[in-house]
Amino acid sequence: MLPHHLPSLRSSLRAWTRTTAPALALLCPLAMAAEPAAQAPAQLPTVTVRAEGDAEAAAPLRPSVAAEQQRLDRVPGGTNLATPQQETRLATLRDALDYQPGIVIQDFFGAMDQPRLSIRGSGIQSNPLNRGVLLLQDGLPLNDADGSFIIGLVEPRNAALVSVRRGANTLTPGATTLGGELDFQSLTGADERGRVRAEVGSFGRQALQGAVGLQGAQWDGRISVSGDRYDGYRHHSASQRDALHANVGFHAAGGFENRTYLSWTDLDFDIPTVVPKDRVRTQPRGVMGDGATPQDQLLNVYRRDPRREATQLRLANRSRWGDDALRQELGVYWQDTDDLFNNQTSYTITRSRTAGAQWQAGGQTAGPLAWRAALGWSRSHMDRDLDATSPVNGAALQRFGAYDLTADNLQALLAADWRLASAWTLVGQWGWSHQTRDAASRLDGRTLQQQWSFSTPKVGVNWTPTPAVRWWANLSRSQEAPTFWEIVSATVAPNAPAAANSELVRLDLQRATTFEVGGQGRWGEGARALHWTAAVYRSQVAGELMSTTDANGIKVGTYNYAGGTRHQGVEAGLSGSWPLGMGALDWRGSWTYSDFRFKDGIYAGNRIAGVPRHLINAEVLWRVATGAGVWRMGPSLRWMPTDTPTDHANTAGSEQDAYALLGFKLEWKSGPWTAYLQADNLTDRRYASSYAIRNQATAAQPGYLPGLGRNVAAGVSYQF
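Worth saying up front: this structure is predicted, and the values here are computed from it rather than measured.

(A) Spotlight on the overall build of the protein. The secondary structure content of the protein amounts to seven helices and 35 strands. Computed over the C-alpha atoms, the radius of gyration of the protein is 25 Å, within 12% of the 27 Å expected from 2.2 N^0.38 for a compact globule of 720 residues. Dimensions along the principal axes, computed over C-alpha positions, put the protein at roughly 65 × 55 × 55 Å. For the protein, with 720 residues in total, the buried portion stands at 61%. Looking at the protein as shown, the accessible area adds up to about 25,900 Å², and 61% of this sits on carbon and sulfur atoms. Charge-centre separation for the protein: the mean point of 70 positive side chains lies 3 Å from the mean point of 67 negative side chains.

(B) A look at the side chain of Asn300. For Asn300, the position within the fold is in the loop between α5 (294–298) and α6 (301–304). One polar contact links the side chain of Asn300 to the main-chain amide nitrogen of Tyr302, over a distance of 3.0 Å. A polar contact of 3.0 Å, which involves the side chain of Asn300, links it to the backbone nitrogen of Arg303. In this view, Asn300 contacts Met288 and Gly289; residues no more than four positions away in its chain are not counted.

(C) Spatial organisation of the nonpolar core. If you look at the biggest cluster of nonpolar residues, it comprises 21 residues, and the most contacted ones within it are Leu97, Leu117, Leu135, Leu182 and Phe184. When residues of this core are traced back to their parent elements, those giving at least two are α3 (93–97), β6 (159–166) and β7 (180–186). Beyond its immediate stretch of four places on either side in the chain, Leu135 contacts Leu117, Leu140, Pro141, Leu142, Asn143, Phe149, Val154, Leu182 and Phe184. Counting residues in each nonpolar core, the second largest holds 19 residues, with Phe108, Met112, Leu153 and Leu708 among its members.

(D) Spatial organisation of the side chain of Gln100. With respect to the helices and strands, the residue Gln100 is situated in the loop between α3 and β2 (104–106). Among the polar contacts made by the side chain of Gln100, one reaches the side chain of Asn80 at a distance of 3.2 Å. Setting aside chain neighbours within four positions, we find Gln100 in contact with Asn80, Leu81, Ala82 and Ser590.

(E) Quick look at helix α2 (residues 65–73). Of all the nine residues making up α2, seven are buried; the element is thus mostly covered by neighbouring parts of the structure. Considered for burial, the residues of α2 that qualify are Ala67, Glu68, Gln69, Gln70, Arg71, Leu72 and Asp73.

(F) Region of the structure containing the environment of Gly331. Within the secondary structure, Gly331 is located in strand β14 (residues 327–342). Sequence-wise, Gly331 and Gly376 are 45 residues apart; in three dimensions their C-alpha atoms are separated by 9.4 Å. The contacts of Gly331, once residues within four sequence positions are left out, are Leu140, Asn317, Arg318, Gly356, Ala357 and Gln358.

(G) Quick look at the environment of Phe269. In this structure, Phe269 sits in strand β12 (residues 257–270). Residue Phe269 is classed as buried on the basis of its relative accessible area of 2%. Each C-alpha atom of the pair Phe269 and Gly152 lies 9.6 Å from the other, and the pair is 117 residues apart in sequence. In this structure, Phe269 is in contact with Phe109, Met112, Asp113, Gln114, Ala238, Ser239, Arg307 and Arg308, ignoring residues within four places of it in sequence.

(H) Summary view of the sheet that holds strand β5 (residues 140–141). A sheet is described by the order of its strands in space; here five strands give the open sequence β1-β6-β7-β4-β5, paired in mixed fashion. Edge strands, defined here as strands with exactly one partner in the open sheet, are β1 (79–82) and β5.

(I) Summary view of a nonpolar patch on the surface. A cluster of nonpolar side chains, namely Leu369, Trp418, Leu420, Trp424, Leu426, Val459, Trp463, Trp471, Leu475, Phe515, Val517 and Val536, defines an oily patch on the protein surface of about 1,100 Å² accessible area. At the level of elements, β17 (396–421), β18 (424–441), β19 (447–466), β20 (469–480) and β23 (510–523) are the ones that each hand at least two residues to the nonpolar patch. Counting through the fold element by element, Trp418 comes out in strand β17. Residue Trp418 is classed as partly exposed on the basis of its relative accessible area, which comes to 44%.

(J) Quick peek at the packing of aromatic side chains. Summed over all chains, the structure comprises 15 aromatic pairs. Three or more aromatic residues joined by ring pairs make a cluster, and in this case those are Phe108, Phe109 and Phe269. We note Arg308 situated over the ring of Phe341; from NZ or CZ to the ring centre the distance is 5.0 Å. The ring centre of Trp578 lies 4.5 Å from the NZ or CZ of Arg528, which sits over that ring.

(K) Quick look at the pairing of strand β9 (residues 205–215). Pairing of strand β8 (residues 194–201) with β9 involves eight bridges; the strand directions are antiparallel. Looking across to β9, one finds that Gly194 is bridged to Val212. Where β8 folds back onto β9 in an antiparallel hairpin, the turn is made up of three residues, including Phe203, whose phi is positive at roughly 60 degrees. For β9 and strand β10 (residues 219–230), the ladder comprises 10 bridges, and the chain directions are antiparallel. The residue bridging Gly210 from the neighbouring strand is Val225, located in β10.

(L) Expanded view of the pattern of salt bridges. By the definition in use, this model includes 51 salt bridges. As a salt-bridge pair, Glu155 and Arg241 come within 3.7 Å of each other at their nearest N and O atoms. Pair noted here: Glu155 is in the loop between β5 and β6 and Arg241 is in strand β11 (residues 239–251), with a separation of 86 residues, a long-range link. Looking at Glu155, the relative accessible area reads 7%, which means it is buried.

(M) Layout of the confidence of the model for the protein. Within the protein, residue pLDDT values average 90, and 91% of them lie at 70 or more. Here residues 1–59 scores under 50 on pLDDT; set against residues more than four positions off or in separate chains, the count is 122 contacts.

(N) Geometry of empty space enclosed by the protein. Within the structure shown, the criterion is met by 14 cavities of 30 Å³ or more. As a volume, the largest cavity reaches approximately 560 Å³. What lines the largest cavity is a set of 34 residues, and nearest its centre among them are Arg89, Arg94, Asp98, Gln678 and Asp680. The dominant element in the lining of the largest cavity, judged by the number of residues it contributes, is strand β31 (residues 659–670), at six residues. Among the residues forming the lining of the largest cavity, the class breakdown is 11 nonpolar, 11 polar and 12 charged. Here the second largest cavity defines a volume of roughly 330 Å³. What lines the second largest cavity is a set of 29 residues, among which Leu134, Gly147, Gly174, Asn409 and Gln411 lie closest to the centre. Those elements that place two or more of their residues in the lining of the second largest cavity are β15 (346–364), β16 (369–389), β17, β18 and β20.

Conventions and cut-offs
- Residues numbered from 1 in each chain as written.
- Predicted model: local features only at pLDDT ≥ 70, side-chain atom pairs only at ≥ 80, totals over all residues.
- Heavy atoms only, no water.
- Helix = DSSP H or I, 4+ residues; strand = E, 2+ residues; numbered from the N terminus.
- Rg over C-alpha atoms; globule rule 2.2 N^0.38 Å.
- Buried < 20%, exposed > 50% of the residue type's maximum accessible area, 1.4 Å probe, protein only.
- Areas by Shrake-Rupley, 256 points an atom, 1.4 Å probe, with all protein chains shown as cover.
- Lys, Arg positive; Asp, Glu negative; His and termini not counted.
- Charge placed at Lys NZ, Arg CZ, Asp CG, Glu CD.
- Polar contact = N/O pair within 3.5 Å; in protein donor to acceptor, adjacent residues only side chain to side chain.
- Contact = heavy atoms within 4.5 Å.
- Core = buried A, V, L, I, M, F, W, Y, C linked by side-chain atoms within 4.5 Å.
- Pairing = 2+ DSSP bridges.
- Patch = residues over 30% accessible without salt bridge, like charges linked within 9 Å, V, L, I, M, F, W, Y side chains within 5 Å.
- Salt bridge = Lys/Arg side-chain N within 4 Å of Asp/Glu carboxyl O.
- Phe/Tyr/Trp six-rings, centres within 6.5 Å; stacked < 30°, edge-to-face > 60°.
- Lys NZ or Arg CZ within 6 Å of the ring centre and 35° of its normal.
- pLDDT = per-residue confidence, 0-100.
- 1 Å grid on protein atoms, 1.4 Å probe; cavity = no way out; pocket = protein on both sides within 12 Å on 5 of 7 lines; lining within 4 Å.
- Points joined across faces, edges and corners; volume = space filled by probe spheres on them.
- Nonpolar A, V, L, I, M, F, W, Y, C, P; charged D, E, K, R; others polar.

Right, here's the structure in full:
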């Protein structure tokens, strides 16, 4: 659903997407068959690259793993650099980020929906997930100006790399939250001439992507279309997504570069909602309405038809010029989003228009000092309507809320790197933000204007005793303003839709002070080198934003917790390769430990609900080269070894039970061809992948989302 003033463009784009993707899939391999392709390299562990000089001078508007790694190596804190195109399956965000330490992804329905994404506990309390981290597309914000986002709109197949700066280790002026930022950098026409990809899997999963790239002496361009369909593991959990991504770049003499981006995404998914805990084991594919209890009759999913439909059109442009002494970049973006969300008892219908600009400058002095400066501005205007949902047929009933919402941000950043000695660098960063959230009711004239001005300073140090090892420490401050999902609150009893009401809630900033130490590097040389990274952090949080649900699993409101909270944890990753027989073992693993507790107040000493205490992901693949191509095969593990509280009172018996999921992957690569067969949850474990967060819960209340059962997926890709 595109903006109401662009219906013809919406229908044209939808038709173009659905007709062009199959055409690309059929025609692109034939068009390129006459030209031989280079042997695709085997997938290897990520290698840290270090170089002297300014890495950003190397085509910065075209993604470069080496340049981005060098930029991250100057950050005194935890970061990740993921290369999604090295993954065989890219159906979901988990496929792109699953083995990255410090990133917690909790599936809702296992497809193109709204998984919980959390870094250091930021935003995990939001429901649906919509805040806590800054999502970037090619260095420019994807979030609306109030900080909210729709995570299902992200298309990992279009990303050349994903650069993650955890916590306060951010590089853009708009990132002020505890969680940090994720930058999805797009493939360009210079990266590949084209690709077709087809995937199928259990429960009606189908995916198709076609992309074509062109390159001239001073320009390049790329266009990609993709479509996903999924019938769903659970009842009433079908989803679909169509997407178009295009960009064109130009570079001229003197270092000037410009790139323009266009993206359009149409996302629809049904919501099976939560069930009581016992049904996770007895009826994992069921929903409320499959039983004969009064609860099933009250919350019948088939009649209430909870779902989400979101469409976004986005345009962006970036220009970059200068040299090592002074390099500048100017980016502008505009996006128009239509979003319909029926959560069982009410519809939230939002029409959002967002515009923003970002200027950055940096340089290297003749001495040991390098500096950066940035300014960012963004504004969103949202029309939000709230309609009660009919318990009989899911239709929209009376309108009980209608709001004009405006969010403005003006932000600045100054940073400097001072090389104290050959192995020591001191890094200082200061950010300043002025943010407003203005809301006005069109029904009764109520208004709420809120504004905040705050700074987010940071100081850190890098120590590089050898070219293979780097250690760091930092002290930082983060601040997070509430989004309109928290400020506009709806209350609708499932059995009394006529009594629905809404209100505007005044909330304060969530503030945190974080200390972090860690390091990264490699042990050994050559093919047997082991690559490692580890970070330990502790955050003292004041006014943490808590969003909770009622006895039926429906969001009821948000508040600032008054007693103070503490987030602390460990983020560690290992990867390597070990010769074995005719080939080698490629392996990788991550461990994310999260110890989040209430310090004082009503829940003093309890664990904060929402994040597993331990999350371990690991994969071991045997790689062997034959005359027919390169094969890799082996097992994988996703393990949550301890139970996780689903409520802040830590009620016994209501926890999310521990689980371990075993998988197996078979990959084959030969020249431009890649194919895979992947099986997940081989033992058909019945488990809860996520849950509704409450102040106090019982196992009998609907609150648990059953995870996917045993499933298999297969795919083939041709790159030319």
